[in-house]
Amino acid sequence: MALFYKFSHDPGINLYMEELFKSLANNVYCRSELQSRFLPAAVEVLQASEAHMPLGMVSVTLDVLGLVVRGCGEQWLPQELVTQVFPCLVHRVLQSEDSAVLQSGGECVRAFIASGAQHLIEWVDPQGRSGLYLCVQVILHLLSPLHPEFSATFVGKLIVVFVKKASSLLGEHLELLLRAVLSKMQSVQTSTVVQSLVLVFAHLMQYQLESVISFLVAVPDPSGQPALSYVLNEWCRNHSYFFGAYETKVSSLALCKLLSHCIATRDQRVTNIRVSIDSSSSTSEGVTTRSAKSCRRVEVPVALCLVKLVVGDLQAQLEMDTAEEE
């Protein structure tokens, strides 16, 4: 522990230390001892002012805390983690404006939700605030337009896990979160952040397609038009650049679900939308990069774009399967 905090500013050493903590957290014979030694130190760091902490110590502590929480599995979390550590975690995230702390804090909250959602939902702090309410506040804080856009880099996964674990209890909180996601999406420029936010709508469309469409039709975008058109344009524009097997799978399945809905119902709220896509003509033979293409934007019906993207995903998967067989 002493070495970990002494070299908390060194990313090279942190990489190895975090692997060690992960192994200990996942070992049933070491888990309790690790928690008894690490958690008091983590609480002390989270309660201290960031200004008085060495550079990087808070975010690294949050990273390791997430590993410790995940090591508990999806069972009932130890009481100390929920009643003592979680409130300190929430307080630190809500008081911070540091992008590294916000990113690590959001991932740590995701670990708490994934491992102990039921425990958090049932827990209430001395001020009468439930764990559910505090999770919502953390997400809204990460989505705040006052914070750098990189603070929302991983918020999409956090919201997806939160909705999965507590969808039946969210009530009006869900609409509040979706409005915050939409607002943040309209203010960011970085592709990875946009993808993280699009992932939220893609996930929800797999299970609540009609509700999501109705919500986006009712909420205006900055130009005063229904936000559905804006979301579909951003989604179609970014889908081909999604990275990560999980993100790509979620987006592909949701596109298939939306395309099936368009074919089956001819829903004019969707089919009347036109989206802007790249019409690229290669300037060289063989494999080309985006910079090696002459690109122009053209508008096409959204259904046509969905077919193009789904077929592209299928072709890519067939090529991967063929390569593996060879």
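The coordinates are above.
What you see is a predicted model; the values in this text were computed from it and never measured.

Peer 1: Describe in detail the overall build of the chain, supporting the description with residues and values.
Peer 2: The helix and strand inventory of the chain stands at 15 helices and two strands. Relative to its length of 326 residues, the chain is compact, with a C-alpha radius of gyration of 22 Å against a globular reference of 20 Å. In terms of its C-alpha atoms, the chain occupies a principal-axis envelope of roughly 60 × 50 × 40 Å. Taken over 326 residues, the chain has a buried fraction of 46%. When the accessible surface of the chain is summed, it comes to about 16,600 Å², and 55% of that surface belongs to carbon and sulfur atoms.

Peer 1: Give a description of helix 12 (residues 227-239) that names residues and reports values.
Peer 2: Over its 13 residues, helix 12 extends 18 Å from the first C-alpha to the last, a length consistent with the 18 Å expected when each residue adds 1.5 Å. Extensive coverage of helix 12 is indicated by the burial of 11 of its 13 residues.

Peer 1: Run through helix 9 (residues 172-185), naming residues and quoting values.
Peer 2: Between the first and last C-alpha of helix 9 there are 20 Å, a value that for 14 residues agrees with the 20 Å anticipated at 1.5 Å per step. The complete set of buried residues in helix 9 reads Leu 174, Leu 177, Leu 178, Ala 180, Val 181, Leu 182, Lys 184 and Met 185. If you follow the buried residues of helix 9, they end up packed against helix 7 (131-142), helix 8 (155-170), helix 10 (191-207), helix 11 (209-218) and helix 12.

Peer 1: Outline the environment of Glu 210, listing residues and values.
Peer 2: Secondary-structure assignment places Glu 210 in helix 11. The class for Glu 210 is partly exposed, based on a relative accessible area of 42%. Separated by 51 residues in the primary sequence, Glu 210 and His 261 have C-alpha atoms spaced 9.2 Å apart. Side-chain polar atoms of Glu 210 contact the side chain of Arg 269, separated by 2.9 Å.

Peer 1: How would you explain the nonpolar core if you had to name every residue and give the values?
Peer 2: Within the largest apolar cluster, 102 residues are counted, with the highest numbers of intra-cluster contacts made by Leu 65, Phe 112, Phe 162, Phe 201 and Leu 216. No other element matches helix 10, which puts 10 residues into this core. Aside from chain neighbours lying at most four places away, what touches Leu 216 is Leu 182, Phe 201, Met 205, Pro 226, Ala 227, Leu 228 and Val 231.

Peer 1: I'd love a proper account of the environment of Ser 32, names of residues and values included.
Peer 2: Of note, Ser 32 is situated in helix 3 (residues 31-47). We classify Ser 32 as exposed; its relative accessible area is 56%.

Peer 1: Run through the side chain of Ser 196, naming residues and quoting values.
Peer 2: Following the sequence through the fold, Ser 196 ends up in helix 10. Of the polar contacts made by the side chain of Ser 196, one reaches the backbone oxygen of Thr 153; its length is 3.0 Å. One polar contact links the side chain of Ser 196 to the main-chain amide nitrogen of Gly 156, over a distance of 2.9 Å.

Peer 1: Outline the packing of helix 10 against helix 12, listing residues and values.
Peer 2: One can describe the packing of helix 10 onto helix 12 by two numbers: an axis separation of 10 Å at closest approach and a directional angle of 115°. Crossing handedness for the pair helix 10 and helix 12: left-handed. Counting all contacts with helix 10, which are made through Ser 191, Val 194, Gln 195, Val 198, Phe 201, Ala 202 and Met 205, the residues of helix 12 involved are Leu 228, Val 231, Glu 234, Trp 235 and Asn 238. Residue composition of the contact of helix 10 with helix 12, grouped by class: eight nonpolar, three polar and one charged.

Peer 1: Quick one: what's the story with the pattern of salt bridges, residue by residue and with numbers?
Peer 2: In the structure shown here, the tally under the stated rule is eight salt bridges. Two residues, Arg 129 and Asp 125, come together in a salt bridge whose shortest N-O distance is 2.8 Å. You can call Asp 125 buried: its relative accessible area is 7%. Each of Glu 210, Asp 267 and Arg 269 takes part in a single network of salt bridges with overlapping partners.

Peer 1: Go over unusual backbone geometry, please, and point to the residues and values.
Peer 2: One non-glycine residue with positive phi stands out, namely Arg 266, at about 50°. Counting through the fold element by element, Arg 266 comes out in the loop between helix 13 (245-265) and helix 14 (268-271). For Arg 266, a relative accessible area of 68% puts it in the exposed group.

Peer 1: Go over the packing of aromatic side chains, please, and point to the residues and values.
Peer 2: Summed over the entire model, instances satisfying the criterion amount to three aromatic pairs. Aromatic side chains Phe 21 and Phe 38 sit 6.0 Å apart centroid to centroid with 50° between the ring planes, which places their arrangement in the tilted category. Remark: Phe 38 occurs in helix 3 and Phe 21 occurs in helix 2 (residues 11-26); sequence separation between them is 17 residues. A residue is classified by how much of its surface remains accessible, and Phe 38, at 0% relative accessible area, is buried. Relative to Trp 123, the ring of Phe 86 has its centre 6.1 Å away and its plane inclined at 85°; by these criteria the two rings are edge-to-face.

Peer 1: I'd love a proper account of the environment of Lys 164, names of residues and values included.
Peer 2: Locating Lys 164 in the fold gives a position in helix 8. Expressed as a C-alpha distance, the spacing of Lys 164 and Gln 317, which sit 153 residues apart in the sequence, is 27 Å. Setting aside its immediate chain neighbours within four residues, Lys 164 contacts His 203 and Tyr 246.

Reading the values: rules and limits
Residues numbered from 1 in each chain as written. Predicted model: local features only at pLDDT ≥ 70, side-chain atom pairs only at ≥ 80, totals over all residues. Heavy atoms only, no water. Helix = DSSP H or I, 4+ residues; strand = E, 2+ residues; numbered from the N terminus. Rg over C-alpha atoms; globule rule 2.2 N^0.38 Å. Buried < 20%, exposed > 50% of the residue type's maximum accessible area, 1.4 Å probe, protein only. Areas by Shrake-Rupley, 256 points an atom, 1.4 Å probe, with all protein chains shown as cover. Expected span 1.5 Å × (residues − 1). Contact = heavy atoms within 4.5 Å. Polar contact = N/O pair within 3.5 Å; in protein donor to acceptor, adjacent residues only side chain to side chain. Core = buried A, V, L, I, M, F, W, Y, C linked by side-chain atoms within 4.5 Å. Axes fitted to C-alpha atoms, helices over the stretch in contact; angles between N-to-C directions. Left-handed = near helix turned anticlockwise from the far one by under 90°. Nonpolar A, V, L, I, M, F, W, Y, C, P; charged D, E, K, R; others polar. Salt bridge = Lys/Arg side-chain N within 4 Å of Asp/Glu carboxyl O. Phe/Tyr/Trp six-rings, centres within 6.5 Å; stacked < 30°, edge-to-face > 60°.

Purely geometric numbers; function is a separate question.
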